[in-house]
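For reference, the chains in residue letters:
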Amino acid sequence: MILIPGHDWNWRYKLINNKQHLTLKLVADDGSAYDFITHYCIEDLRELPSENQSFSVEDGTLLTAFQQGLYEIGVKNDLTCLEIGLNAVACARFCRIPSPVGRYFTTNSSTISNPKLGQVVSLYSVDGAIGDFIVLDSNIENDNDVVRLMLANPNFEYAGHFIKIGQMIRVSKSRLNYYRLANQVKADYA
């Protein structure tokens, strides 16, 4: 069984524990269908894809970039890359955009001046925590300082805040670091 994005993949909604979740119907090369349940409920979305809206070329381009970013840091499990990648597509395309939270993170000399779509970056909080995030924005202009990121770790606690995998934050580019550069510690999904 091989999952290759195509016109027969489509966005849907499914009631789980009394909440409407955004899902994606995946169709394998052998014709079998699977429901991928994203991390997002309707309340998390700024834009609601229509029921059975096709997985678009834009969605496929985003998925490729997000999976490539994960492969580049050594995530070898294809299923892990697919799951994180599909959640990143849903997050980038449909999720509400939060206020910037840059003051909770440090800057240093190894910051990334021009992050690219799908790149996995690390944030170092003022209280010493490290979190890994996927860059959700493409065409990041030099004058656009704030970047959308999606947490790729199972969870991240920083400066009294707690977020789970798939949650979006926005920070200044000056806070972004190359993946685990400072401590060379592997994340738990790698």
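Anything mentioned here points back to the structure above.
Residues numbered from 1 in each chain as written. Predicted model: local features only at pLDDT ≥ 70, side-chain atom pairs only at ≥ 80, totals over all residues. Heavy atoms only, no water.

Observations concerning the state of the cysteines
Thinking step 1. The full count for this structure, using the stated rule, is zero disulfides.
Thinking step 2. Free cysteine Cys-95: the closest other cysteine sulfur is in Cys-91, separated by 4.3 Å. (Disulfide = S-S within 2.5 Å.)

A closer look at the nonpolar core
Thinking step 1. By size, the foremost hydrophobic cluster in this structure holds 35 residues, and its most contacted members are Leu-86 and Ile-134.
Thinking step 2. The element contributing the most residues to this core is helix H2 (residues 78-94), with ten residues.
Thinking step 3. What Leu-86 contacts, discounting residues up to four positions off in sequence, is Trp-9, Leu-24, Leu-26, Phe-36, Phe-55 and Leu-63.
Thinking step 4. Formed by 18 residues, the second largest nonpolar core is a distinct cluster that contains Ala-129, Leu-151, Ile-169 and Val-171. (Core = buried A, V, L, I, M, F, W, Y, C linked by side-chain atoms within 4.5 Å. Buried < 20%, exposed > 50% of the residue type's maximum accessible area, 1.4 Å probe, protein only. Helix = DSSP H or I, 4+ residues; strand = E, 2+ residues; numbered from the N terminus. Contact = heavy atoms within 4.5 Å.)

What about the packing of aromatic side chains?
Thinking step 1. Evaluation of the coordinates by the stated rule reveals eight aromatic pairs.
Thinking step 2. The interplanar angle of 80 degrees and the centroid separation of 5.8 Å between the aromatic rings of Phe-133 and Phe-156 together place this pair among those described as edge-to-face. Taken together, the residues Phe-133 in strand E6 (residues 130-135) and Phe-156 in strand E8 (residues 155-158) connect sequence positions 23 residues apart. There is no split in this pair, since Phe-133 and Phe-156 are both buried.
Thinking step 3. Each member of the aromatic cluster is reached from another via a ring pair, and the members are Tyr-104, Phe-105, Phe-133, Phe-156 and Tyr-158. (Phe/Tyr/Trp six-rings, centres within 6.5 Å; stacked < 30°, edge-to-face > 60°.)

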